[in-house]
Amino acid sequence: MYTYEYYGNPLHLPKDQDRYLIKPVINMGKNLSWTTTAKIRNTHPYFDEIKPLKYGLVIKKNGKIISRLRITKFKQVFENTYSLYAEDKLAALNDSQCRPGNFQGTPEELFTWFIDNHNSQLTDEQKFIKGTVTVTDPNN
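Keep in mind it's a predicted model, so treat the numbers as computed, not measured.

**Focus: the sheet that holds strand β2 (residues 9-12)**
Spatially, seven strands are ordered β2-β1-β5-β6-β7-β4-β3 in an open sheet, and the strand pairing comes out antiparallel. Where the open sheet ends on each side, the last strands, each with one partner, are β2 and β3 (22-27). Strand-to-strand, the axes of this sheet are offset by a mean angle of 35°, without reference to chain direction. Looking at chain direction, β3 and strand β4 (residues 35-41) are connected through four bridges and run antiparallel. Of the residues in β4, the one forming a bridge with Ile22 is Lys39.

**A closer look at the environment of Trp34**
Position of Trp34 among the secondary structure elements: in the loop between β3 and β4. It is 19 Å that separates the C-alpha atoms of Trp34 and Ile50, two residues lying 16 residues apart in sequence. If we skip the residues at most four places from it in the chain, Trp34 touches Asn27, Met28, Gly29, Ile66, Ser67, Leu69, Ala86, Glu87 and Asp88. Reaching out from Trp34, the side chain makes a polar contact with the backbone oxygen of Gly29 at a distance of 3.2 Å.

**Structural notes on helix α1 (residues 107-121)**
In this model α1 runs 22 Å from its N-terminal to its C-terminal C-alpha over 15 residues, within 8% of the 21 Å that 1.5 Å per residue would give. Within α1, the full set of buried residues consists of Ile115, His118 and Asn119. Seen from one end, α1 has its buried residues packed into an arc of 95°, which puts them on one side.

**Notes on the pattern of salt bridges**
Inspection of every chain in the model, using the stated rule, returns six salt bridges. Note that Lys60 is salt-bridged to Glu5, the shortest N-O span being 3.2 Å. Taken together, the positions of Lys60 in strand β5 (residues 57-61) and Glu5 in strand β1 (residues 2-6) put the pair 55 residues apart, joining distant regions of the chain. Its relative accessible area of 18% is what places Lys60 among the buried residues.

**Some remarks on the environment of Pro10**
Among the structural elements, Pro10 can be located in strand β2. Classification of Pro10 by relative accessible area gives partly exposed; the value is 22%. Between the C-alpha atoms of Pro10 and His44, which are 34 residues apart in sequence, the distance is 10 Å. Contacts of Pro10, omitting those with residues within four sequence positions, involve Tyr4, Glu5, Arg19, His44 and Tyr46.

Here is what the cut-offs are and how they apply
Residues numbered from 1 in each chain as written. Predicted model: local features only at pLDDT ≥ 70, side-chain atom pairs only at ≥ 80, totals over all residues. Heavy atoms only, no water. Pairing = 2+ DSSP bridges. Helix = DSSP H or I, 4+ residues; strand = E, 2+ residues; numbered from the N terminus. Axes fitted to C-alpha atoms, helices over the stretch in contact; angles between N-to-C directions. Contact = heavy atoms within 4.5 Å. Polar contact = N/O pair within 3.5 Å; in protein donor to acceptor, adjacent residues only side chain to side chain. Expected span 1.5 Å × (residues − 1). Buried < 20%, exposed > 50% of the residue type's maximum accessible area, 1.4 Å probe, protein only. Arc of directions from axis to C-beta. Salt bridge = Lys/Arg side-chain N within 4 Å of Asp/Glu carboxyl O.

Here is the structure:
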C-alpha cells in the first residue's frame, strides 16, 4: 500500500475518508526521474500546507520511504479540486545549466565538475552530494 506524507503530515492514506488524494499515479523507472500526479480537494486537512518547489513530499510503500519529491505544479482544476504534479530529486538537474566546452581528465573529475557546476547555481535543497565514482577510462 502506498501512502503520501507532506512534511510528516499524512496527505494520502487510502483507508482514511479525510486524508486521501484522488487518483494518485506514480511514474517510476530505473535511471529516470520519478513523478507523481494526483488531485486534492481544498477540504483536505493539509491542503493549506502545500507549497510548490519544496522537497517535502514523501511516498512510502508499506511504511518504507521509496521517494522524496517536490511539488512543481499545483493548480485549480475545478471549483474545490486542485491538481498536483511532483518530481523527485533527479529532476533538479534540470534546474541548472552547463555551458558546452572541452574537457580532459578522468570520468570522476568530469562527474565532479558537473555536480559542482550544478550545486553552484542552486539552493541547498537542490544540491547533490557526490558518492563513490568507480568508472574508469584509459583514454581520459
